[in-house]
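Given next are the chains, with one letter for each unit.
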Amino acid sequence: MEERKVVTVVFVDLTASTELSALLDPERFRRVMSAYYAEVVEELESLRGRAENFAGDAVLGVFGVPTSRDDDALRAVRASLDIQQRVADLGERLRLPVPLRVRIGVNTGAVAVVADPSVRSVVLGAAVNLAARLQQAAEPGEILLGETTRHLVRQHVEVGPRRDVVAKGFEGTVRAWPVTGLSLRTARRTIPLVNRKRELALLSDTFDRVTETSRAHLVSLFGEPGIGKSRLAEEFRNALPPGTKVLSGRASALEEDETFAPLAEMVRRELGVESDVDPALLREKLEDAVEGACEPVETQQIVGRLGMALGLGADTGEEWKYRVAEVRAGLVGFVTGLARREPVVMIFEDLHLAQPAFLELVEQAVREARRVPLMVLCVARWELLEERPDWAGGIPDALTLYLEPLTSKHSVALALEAGEGLDPETADLIATHAGGNPFFIVETTGLMMHEEADAPAGTVRETVSGRLLPPTVQAVVAARIDRLPADARRLVRRASVFPRSNFHVTDLERIVDVREETLATLEDEELFVREEDREGVWRFRHGLLRDVAYDSLSKRERRDLHLRVAESLADEDPDKYPRSIAYHLEQAAKASLDLDPSDRSLADRAIGALSAAGDLARRGIESRAAVDLYERALALAGPERDWGVREARILTGIGEARYWLGEFDQAAGALSKALEFGIDDIRVRTHASRFLGDISLSVQGDREGATRLFDQALEAARELGDPWALARTLLQAGWVPYWSDDLPGARAAFEEALAVARGNPEGDPWAEARALSTLATIASSDSSQEESLRLGEEALDIGERMGDPFTVAVAKENVANWLRRLWRLEEAKRVSDESVETFRELDARWELASGLITRGLIERLRDALDDAERDLREAVRLCRELKERSISVWATRELVKTLLVKGDLGEARAVLSQSTTEAAERAFLESPVFAEALVLLAEGRAEEATALASEVLEHERARGWPNEIAARTWWTGALFGPEAAGGSAQVEAARERLEDVRWIEAIREPESMKKAAWSST
Ligand SMILES: Nc1ncnc2c1ncn2[C@@H]1O[C@H](COP(=O)(O)OP(=O)(O)O)[C@@H](O)[C@H]1O
Ligand SMILES: [Mg+2]
């Protein structure tokens, strides 16, 4: 692989080596030489150069490989100056008989970079040759720059008069300039990396391991603010070999689409678009990128899934929790595609600010992408581990590093590097003060240098050591902000009202005049940095700088500035930035309440905005964000005794969002409270009663309480005339009669749900599909299985038209069951395979358990007994993990039957006895009691078996579901003799009914079970 690049090369050669070799004994000479190489290489690398090639005493340093940066030339010159110094110091330290001096040539130009795995890369070209000629022309201790380099660094580097050099192999003479020094600020912009060698080595070794094993690794880097995490990540990134794909994203405190924000930023960066890009263009670019990486057949699906993280794509349904899984599947698909060509490194910064769902997404993506050369580097403050002590748990290739403070030796070294011209005592003083925190050192030396610049020559040391250093890093930063020119100070302080990690100039302009010169000053003063490759986007160089600037704002200023931002955003487009508007109103309100607690006007506006943003988040995919927004709204609402309908509605929102998050206890708490404050409000009654009803029914098993709540919800929804709420309430409420064996009651509820969904003028396909699948289940108990299949297929059709994979998979499992009963086993198998695959991919564990039972059954009927056993065992395990109450009995029963058919009576008994304890408090028919009868029969305990079977049949008859009675009668007759089933006439009538309703499976299965099980004993 060869690549042309513009780089800056540094050619370094030792002047006195021949002389030295004559003066020193060979052993010592060798040691001196290797010490010299080590110094040069270390210096080059600390400024992100590479030592590429050694020829004789010469070292070739290259800046701009693999990644070019606009300050490559500057770093090359800085490294050259430092090398001069280091080599001279080395000579003195070793007390050599002649001083150690180097000649250095620096030149910028195009070269060919040949990637060679054994030496990483080789650099060739005229630019390299010219650097060598410049080096030869330099005096000992001198650095000569070529013309291009000189041009690139002219603002930052002082040079002596031009010199014309005769260079072999070049026409005429070549112009060269000797370096005399750096300007002060330049030195600061390129502070070399101090130490962190082991951490860098660990990271790059891990990367090598990633490529060698082709396995995904999760690396986490933790430490306190300012300790050097971002810098280390940056150094690692810069040292990656060419042909590595690097993607990076950052979590931040406030984003419109919180959960996926870091991923969205990463993808947008990769596509080269800003967040306000036109959706059509965004989709086009995304399609191009995915097409370039993935197989054509997967492209559309991956685009759709990744698009969700970017806010593309319609809202398809209500299974919000699976949206995360879809986005993850899209990410894994995209990265897997990229990694087919080259190793991929993903870097996420500031992950302690990310949402829990995003952290799960990252972990799960690494687990799923196991056979891929992918390294995910997560950078976060220590808090992340406090909140998520099990972070990275269960990932085999995981590495976690904690970044320690610098040692005092390295702190002094950093202070000397960062504070050009600082004397050692002052450096010591600063280092002691800083407790090994590089950020503190860089800031303090920055402050010192201003004092130096302001003070008359020769007085620096006195100024510094003569008075106390500011005691905290906050005070240091505050002092630096205080000494800015007025316009720059005004700009930083105002910029601090934006909490995001970066901001656009147009945002700043909402509250302050922005001039290019002022930005340049702030860049020079090291407060702002430009975002690379993003026009007009800036950020604070470090989060702590923003915090200090914000602290310096008075309450009054905060109130006015936040309010202005909120109003200006709302003027522009109130629907585009609901969360930002709410945030700024919230901050304005907090400041205002502090100033005057009796004035609640801003608080009321903020509550309105926060709860509206919460509603949007809840209706979108962001339940966690919704809870956060609602809770912030309540925090502004004053004491509980004054709460009313407004608060009740917010509490309802919290309850619903927590319901979707599966936090049922907290949901129930919020919903009950909502009903307490808002029982007179029809919306509260509609929504709070419905969700509370569902929790009563499905979680607490309280059918009576559920009935009362659902009735209340239905009445309110009807009165309100909200077809969405009504359809959903009916879909939940219908299960109460169903579980009370009232088939007509259940059917009436689900049919009404279907009618309401169909009558909804805006269409409600989600509810329509659910109603149809459920009606298919009801029909299977009293009508033809053909009818169930028809209803199920209709639901599937709707799901496919919606393009919602989850709805499709639910419908497919439903259809597979009717195909099975109709004995269309091959079709049933295919459809159930598809549903299982989707549930697995979406990590929908409850549905996966259910889908596996369906498939296991089909496999058993097809005589694929091992497959059946495997699926059913997995289903039983999942049910146990989920503490599942409704389908676990079904899973156990089918597993027991399968084991019987396999002739493994011992195992069948073992599985059964494990589950009877679990099912102790279940209703008779909901326990695996019929399986028990079969086991007893197989064990030769015919009398007990028959008695039990008859008892089951009696219960079944009492329930009164015609198809189930027929099936049970037929089964009992076939396996335990007609007497046990009430006589041959009844058995025959049952068979006829089963034939009429086309439940072929029920007719055939007892025969096959009898043959298999009873022949083995
Ligand atoms: N080992 C180091 N050598 C030189 N400078 C460092 C080192 N570690 C950190 N710095 C500098 O200290 C400042 C804070 O480091 P940063 O990486 O931003 O901290 P963090 O990300 O941990 O908050 C930055 O200016 C950075 O360049
Ligand atoms: Mg950082």
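Relevant structure appears above.
Residues numbered from 1 in each chain as written. Chains lettered and ligands numbered in written order. Predicted model: local features only at pLDDT ≥ 70, side-chain atom pairs only at ≥ 80, totals over all residues. Heavy atoms only, no water.

**Q** Account for the overall build of the protein chain, naming residues and giving values.
**A** A count of helices and strands for the protein chain gives 47 helices and 17 strands. Projecting the C-alpha coordinates of the protein chain onto the three principal axes gives extents of approximately 115 × 75 × 45 Å. Taken across its 1017 residues, the protein chain has 56% of its residues classed as buried. Separation of charge centres in the protein chain, based on 131 positive and 177 negative side chains, amounts to 3 Å. (Helix = DSSP H or I, 4+ residues; strand = E, 2+ residues; numbered from the N terminus. Buried < 20%, exposed > 50% of the residue type's maximum accessible area, 1.4 Å probe, protein only. Lys, Arg positive; Asp, Glu negative; His and termini not counted. Charge placed at Lys NZ, Arg CZ, Asp CG, Glu CD.)

**Q** Tell me about the pairing of strand β10 (residues 217–222), residues and numbers included.
**A** By the criterion of burial, β10 is predominantly enclosed, with six of the six residues buried. The alternating pattern of β10 places H217, V219 and L221 on one face and L218, S220 and F222 on the opposite face, and all of these are buried. Sheet analysis places β10 next to strand β13 (residues 374–380), joined by six bridges and oriented parallel. Within the sheet, the bridge partner assigned to L218 lies in β13 and is V376. As paired strands, β10 and strand β14 (residues 398–402) are joined by five bridges and run parallel to one another. Bridging from a neighbouring strand, L221 pairs with L401 of β14. (Pairing = 2+ DSSP bridges.)

**Q** Account for the site of ligand 1, with residues named and values stated.
**A** Taken together, 18 residues form the shell around ligand 1, and within it G226, K229, S230, R231 and H542 come nearest. Contacts to ligand 1 include G228, whose backbone N or O atom sits 2.9 Å from an oxygen atom. Contact between ligand 1 and R231: an oxygen atom at 2.8 Å from a main-chain N or O atom of the residue. Compared with its free state, where it exposes 550 Å², ligand 1 has 90% of that area covered by protein. For the shell around ligand 1, the secondary structure elements donating two or more residues are α8 (229–238) and α17 (438–454). Per-class residue counts for the shell around ligand 1 are nine nonpolar, four polar and five charged. (Near = heavy atom within 4 Å. Polar contact = N/O pair within 3.5 Å; in protein donor to acceptor, adjacent residues only side chain to side chain. Areas by Shrake-Rupley, 256 points an atom, 1.4 Å probe, with all protein chains shown as cover. Nonpolar A, V, L, I, M, F, W, Y, C, P; charged D, E, K, R; others polar.)

**Q** Kindly report on empty space enclosed by the protein, identifying the contributing residues and their values.
**A** Going through the model one piece at a time under the given rule, you end up with eight cavities of 30 Å³ or more. Roughly 50 Å³ of internal volume is contained in the second largest cavity. In terms of residue class, the lining of the second largest cavity is made up of two nonpolar, three polar and four charged. (1 Å grid on protein atoms, 1.4 Å probe; cavity = no way out; pocket = protein on both sides within 12 Å on 5 of 7 lines; lining within 4 Å. Points joined across faces, edges and corners; volume = space filled by probe spheres on them.)

**Q** How would you summarise the nonpolar core if you had to cite specific residues and measurements?
**A** The biggest cluster of nonpolar side chains holds 95 residues, and the ones touching the most others in it are L491, V497, L508, L522, L527 and F528. When residues of this core are assigned to their parent elements, the largest contribution, eight residues, is made by helix α26 (residues 601–619). Not counting chain neighbours up to four residues away, the residues in contact with L508 comprise L491, A495, F498, F503 and V514. Membership of the second largest hydrophobic core comes to 58 residues, among which are L865, L899, L900 and F930. (Core = buried A, V, L, I, M, F, W, Y, C linked by side-chain atoms within 4.5 Å. Contact = heavy atoms within 4.5 Å.)

**Q** Summarise the side chain of D681; cite the residues concerned and give the values.
**A** Mapped onto the fold, D681 is located in the loop between α29 (664–678) and α30 (682–699). Given the relative accessible area of 9%, D681 is considered buried. A polar contact is formed between the side chain of D681 and the backbone nitrogen of V684, at a distance of 3.1 Å.

**Q** Got a sec to walk through the sheet that holds strand β17 (residues 537–540)? Specific residues and values, please.
**A** A sheet is described by the order of its strands in space; here three strands give the open sequence β15-β17-β16, paired in antiparallel fashion. Each of the sheet's edge strands pairs with one partner strand only, and the pair in question is β15 (503–504) and β16 (528–530). Bridge analysis of β16 against β17 gives three bridges, and the strand direction is antiparallel. Across the sheet, residue F528 finds its bridge partner in β17, namely F540. Each of β15, β16 and β17 touches helix α20 (residues 486–495); the most contacted strand, β16, lies at about 80 degrees to it. (Axes fitted to C-alpha atoms, helices over the stretch in contact; angles between N-to-C directions.)

**Q** Describe the packing of helix α7 (residues 197–213) against α8, naming the residues involved and giving the relevant values.
**A** Contact pair α7 / α8: the axes reach a minimum separation of 10 Å and the direction vectors enclose 45 degrees. Between α7 and α8, the angle falls in the class oblique. The interaxial crossing formed by α7 with α8 has right-handed handedness. Every residue of α8 that contacts α7 at E199, L200, L203, S204 and F207 is listed here: L232, E235 and F236. Its residues placed into classes, the contact of α7 with α8 shows five nonpolar, one polar and two charged. (Parallel < 35°, antiparallel > 145°, perpendicular 65-115°, else oblique. Left-handed = near helix turned anticlockwise from the far one by under 90°.)

**Q** How would you summarise the packing of aromatic side chains if you had to cite specific residues and measurements?
**A** In total, this model carries 21 aromatic pairs according to the counting rule given. Geometrically, the ring pair formed by F348 and F358 is edge-to-face, given 5.4 Å between the ring centres and 85 degrees between the ring planes. Taken together, the residues span a long stretch of sequence, with F348 in strand β12 (residues 344–349) and F358 in helix α13 (residues 356–368) at a distance of ten residues. As far as the burial class goes, F348 and F358 line up, both buried. An aromatic cluster is defined as three or more aromatic residues linked by ring pairs; in this entry it consists of W735, Y738, W739, F750 and W961. Over the ring of Y550 we find R546, and its NZ or CZ is 5.2 Å from the ring centre. Here the guanidinium or amino end of R959 rests over the ring plane of W961, the centre of that ring lying 4.2 Å away. (Phe/Tyr/Trp six-rings, centres within 6.5 Å; stacked < 30°, edge-to-face > 60°. Lys NZ or Arg CZ within 6 Å of the ring centre and 35° of its normal.)

**Q** With reference to specific residues and values, describe the environment of R649.
**A** With respect to the secondary-structure elements, R649 resides in helix α28 (residues 645–660). Linking R649 and R683, residues 34 residues apart in sequence, is a C-alpha distance of 7.6 Å. Those residues in contact with R649 that lie beyond four places of it in its chain are D681, R683 and V684.

**Q** I'd love a proper account of the packing of helix α38 (residues 825–841) against helix α39 (residues 845–861), names of residues and values included.
**A** Put simply, α38 and α39 touch, their axes get as near as 9 Å, and they point 155 degrees apart. The pairing of α38 with α39 is recorded here as roughly antiparallel in orientation. In this structure, the crossing between α38 and α39 has a hand that is left-handed. Between α38 and α39, the contacting residues are L825, A828, K829, S832, D833, V836, F839 and R840 on the first element and E847, L848, G851, L852, T854, R855, I858, E859 and L861 on the second. Partitioned by chemical class, the residues of the contact of α38 with α39 number eight nonpolar, three polar and six charged.

**Q** Give a description of unusual backbone geometry that names residues and reports values.
**A** Of note, the phi angle at R196 is positive, near 60 degrees, even though the residue is not glycine. Its location among the elements puts R196 in the loop between α6 (184–189) and α7. Its identity as a non-glycine residue notwithstanding, D350 has a phi of 55 degrees, on the positive side. As for its position among the elements, D350 is in the loop between β12 and α13.

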